[in-house]
Amino acid sequence: MEARANYERRIKWFKEARFGMFIHWGLYALPARHEWVKSRERISNEEYEKYFKHFNPDLYDPREWARMARQAGMRHMVITSKHHEGFCLWDSDLTDYKATNTPARRDLLQPFVDAARAEGLRVGFYYSLLDWHHPEYTPDIHHPMRDNEEFVAQAKGRDMRQYAEYVRGQIRELLIRYGKIDILWCDFSFPGRAYKDMPGKGKADWESEKLVALIRELMPDVLLNNRLDLPGDFVTPEQYQPRTAVQLEGVPVTWEACQTFSGSWGYDRDNLDWKTPDMLVRMLIDGVSKDGNLLLNVGPNARGEFEPRAVQMLEAIGGWMRLHNRSIYGCGPAPFTPPPDCRYTMNTVGDRLYLHIFSWPFKHLYLDGLADKVEYAQFLHDASEVAMRATGGVLSTAPAPGSNTLLLQVPIQKPNVLVPVVEL
Ligand code: GLC
């Protein structure tokens, strides 16, 4: 087992960063109706081939992506080197199913890595363990051909050991070709999820122990997620907000929620289920108040651009982050209970407490346990003073004297920011 101190050293930047960008980009950007389209619509390799033939992201400019991520306040970027469809964005020696053989005609990962680094962002690779194109990958509950009896019968002789070797070969390429990679995000395991007589897949199928040994050997400091059916360096709640700080068997763990704008990870043209920027900012804050990160996804389109809705969203979040990132970077939970509809975060030194106000109150906020601790209060966005006093029995609603409750008096109008923050 790795010494705790070494883990703390490796994970430090990640816990301070708090906010990153996920990118889901592959052939599914062309059908533009969810990255699972091949499985959902049970599309065969032959039918799916048209997307491979027409993949031509002529406007691909990852420098622009990285700039938008940085301006949104993000500190790392994780891109799908290969998603479940099996298509590789890089020039892998182990398959022909890759960007270099499409009209794109080039390795798309190298410019991405260069761009992220140039903008000062950490770099991560997502890698799908599922593969709906590989000739040795056996059909299962998620496979597009799961209901095609002829396909399933013909696939009987497939050998997952060969596929596991392919995975190791590809991970090796990803970890030796692009310099230092900060995060490796493998996706995902589903042991026990049988369908008809096809078993689910987990560590025995991916040969996870061997794979992890290889990863640790090639890149000892890389942060590995927890979806190999083995514990990893951090856990990955997906499309929900944990109720409390995340624990495994009673022990707090490093976590990063991954979230979408619209429920879909890949570009989804007709999807109207978009969250609002203030909801996303609240999700980020909520996570930090529970000691977690947010990895927020963008699904670029098939020309290689972020759609206008995504750009607007990032700009709005970036506007908030520009003025409020002090309550996010390097911050974590605070040992106080916030008033209703509020979240606290605290910096590492413990000399600044941030009160995030999700729902604007009328005039007063009561902060329990803080009257003897706060020297000064101000709004974070404009550094304007917020009036405060220890409560006595003056107001009928106020707690009894001696309860150490601090009363904040805020303006009638909510400040014009997505979520106002009082710095204490
Ligand atoms: C899920 C989905 C997938 C997505 C991932 C991101 O496991 O299979 O499409 O890439 O979550 O967390």
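This structure is a prediction, so every number in the text was calculated from the model and none was measured.

**Some remarks on helix 9 (residues 208-218)**
Link 1 in the chain: Of all the positions in helix 9, only S208, L211, V212, L214 and I215 are classed as buried. The buried residues of helix 9 occupy an angular sector of 160 degrees when projected down its axis, which confines them to one face. The exposed set on the far side of helix 9, more than 90 degrees from its buried face, consists of E209, K210 and E217.

**Re the site of the ligand**
Link 1 in the chain: Residues in close proximity to the ligand total 14 residues, the closest being H24, E35, H83, H84 and E238.
Link 2 in the chain: Between the ligand and D187, the relevant distance is 3.2 Å, taken from an oxygen atom to a side-chain nitrogen or oxygen of the residue.
Link 3 in the chain: Within the side chain of E238, an N or O atom sits 2.8 Å from an oxygen atom of the ligand.
Link 4 in the chain: Taken by itself the ligand offers 300 Å² of open surface, and the protein chains cover 95% of this.
Link 5 in the chain: In the shell around the ligand, the residues fall into 7 nonpolar, 3 polar and 4 charged.

**With respect to the pairing of strand 16 (residues 406-409)**
Link 1 in the chain: With 4 bridges joining them, strand 13 (residues 364-367) and strand 16 adopt antiparallel strand pairing. Within strand 16, the position partnered with H364 by the bridge is Q409.
Link 2 in the chain: Relative to strand 16, strand 15 (residues 387-390) runs antiparallel, the two being bridged by 4 bridges. Bridge pairing links A387 to Q409 in strand 16.

**A short note on the pattern of salt bridges**
Link 1 in the chain: Following the criterion strictly, the structure yields 33 salt bridges and no others.
Link 2 in the chain: In this structure, E207 and R168 form a salt bridge, with 2.8 Å as the shortest nitrogen-oxygen distance. Of this pair, E207 sits in the loop between helix 8 (203-206) and helix 9 while R168 is found in helix 7 (residues 160-177), placing the two residues 39 residues apart along the sequence. R168 matches E207 in its accessibility class, with the two residues each being buried.
Link 3 in the chain: With its nearest N and O atoms 2.7 Å apart, the salt bridge here joins R326 to E423. Of this pair, R326 sits in the loop between helix 11 (308-324) and strand 10 (331-332) while E423 is found in strand 17 (residues 421-423), placing the two residues 97 residues apart along the sequence.
Link 4 in the chain: When salt bridges that share partners are traced, they join R10, R216 and D233 into one network.

**What about the layout of surface pockets?**
Think of a ball as big as a water molecule: rolled over the atoms, this probe shows where empty space is left.
Link 1 in the chain: Considering only enclosed or pocket space, the largest pocket measures out at about 1,100 Å³ in volume.
Link 2 in the chain: R4, Y7, D233, V253 and T254 are, among the 40 residues lining the largest pocket, the residues nearest its centre.
Link 3 in the chain: At the level of secondary structure, the elements contributing two or more residues to the lining of the largest pocket comprise helix 1 (4-17), helix 9, strand 7 (251-252), strand 10 and strand 11 (342-347).
Link 4 in the chain: Element by element, the count of residues in the lining of the largest pocket is highest for helix 1, at 8 residues.
Link 5 in the chain: By volume, the second largest pocket is sized at about 260 Å³.
Link 6 in the chain: Looking at the second largest pocket, it is lined by 14 residues, and the ones nearest its centre are D351, R352, L353, K373 and L424.
Link 7 in the chain: Residue composition of the lining of the second largest pocket, by class: 7 nonpolar, 2 polar and 5 charged.

**Overview of unusual backbone geometry**
Link 1 in the chain: Of the consecutive residues D187 and F188, the connecting peptide bond is found in the cis state with omega at -15 degrees.
Link 2 in the chain: Considering the arrangement of structural elements, one finds F188 in the loop between strand 4 (183-187) and helix 8.
Link 3 in the chain: Despite not being glycine, R18 shows a phi value in the positive range, around 65 degrees.
Link 4 in the chain: With respect to the element layout, R18 can be found in the loop between helix 1 and strand 1 (19-23).
Link 5 in the chain: Relative accessible area serves as the criterion here: at 2%, R18 is assigned to the buried category.
Link 6 in the chain: Positive phi is not limited to glycine here, since R42 has a value of about 50 degrees.
Link 7 in the chain: For R42, the position within the fold is in the loop between helix 2 (37-40) and helix 3 (45-53).
Link 8 in the chain: You can call R42 partly exposed: its relative accessible area is 36%.

**As for the side chain of E136**
Link 1 in the chain: Among the secondary structure elements, E136 is positioned in the loop between strand 3 (122-128) and helix 6 (149-154).
Link 2 in the chain: This buried residue, E136, is left without a salt bridge; R158 holds the nearest opposite charge, at 6.0 Å.
Link 3 in the chain: Looking at E136, its side chain comes within polar contact range of the main-chain nitrogen of D159, at 2.8 Å.

**A closer look at empty space enclosed by the protein**
Link 1 in the chain: Applying the stated criterion across every chain yields a total of 1 cavity of 30 Å³ or more.
Link 2 in the chain: Taken as a whole, the largest cavity holds about 100 Å³ of empty space.
Link 3 in the chain: Residues that form the lining of the largest cavity fall into these classes: 6 nonpolar, 5 polar and 2 charged.

**A word on the sheet that holds strand 15**
Link 1 in the chain: Read across the sheet, 3 strands follow the order 13-16-15 without closing on themselves; strand pairing throughout is antiparallel. If you trace the sheet from one side to the other, it starts and ends with strand 13 and strand 15, each paired once. Shown here is a sheet whose adjacent strand axes are inclined to one another by a mean of 25 degrees, direction ignored.

**Observations concerning the sheet that holds strand 11**
Link 1 in the chain: Pairing within the open sheet is antiparallel, and its 5 strands lie in the order 10-11-12-17-14. The open sheet has two edge strands with one neighbour each: strand 10 and strand 14 (378-379).
Link 2 in the chain: Across 3 bridges, strand 12 (residues 353-357) lies against strand 17 in antiparallel orientation. Counterpart to Y354 in the pairing with strand 17 is E423.
Link 3 in the chain: Strand contacts of helix 10 (residues 277-289): strand 10, strand 11 and strand 12, with the helix running at about 55 degrees to strand 11, the strand carrying the most contacts.

Procedures and definitions
- Residues numbered from 1 in each chain as written.
- Predicted model: local features only at pLDDT ≥ 70, side-chain atom pairs only at ≥ 80, totals over all residues.
- Heavy atoms only, no water.
- Buried < 20%, exposed > 50% of the residue type's maximum accessible area, 1.4 Å probe, protein only.
- Helix = DSSP H or I, 4+ residues; strand = E, 2+ residues; numbered from the N terminus.
- Arc of directions from axis to C-beta.
- Near = heavy atom within 4 Å.
- Polar contact = N/O pair within 3.5 Å; in protein donor to acceptor, adjacent residues only side chain to side chain.
- Areas by Shrake-Rupley, 256 points an atom, 1.4 Å probe, with all protein chains shown as cover.
- Nonpolar A, V, L, I, M, F, W, Y, C, P; charged D, E, K, R; others polar.
- Pairing = 2+ DSSP bridges.
- Salt bridge = Lys/Arg side-chain N within 4 Å of Asp/Glu carboxyl O.
- 1 Å grid on protein atoms, 1.4 Å probe; cavity = no way out; pocket = protein on both sides within 12 Å on 5 of 7 lines; lining within 4 Å.
- Points joined across faces, edges and corners; volume = space filled by probe spheres on them.
- Lys, Arg positive; Asp, Glu negative; His and termini not counted.
- Axes fitted to C-alpha atoms, helices over the stretch in contact; angles between N-to-C directions.
- Contact = heavy atoms within 4.5 Å.

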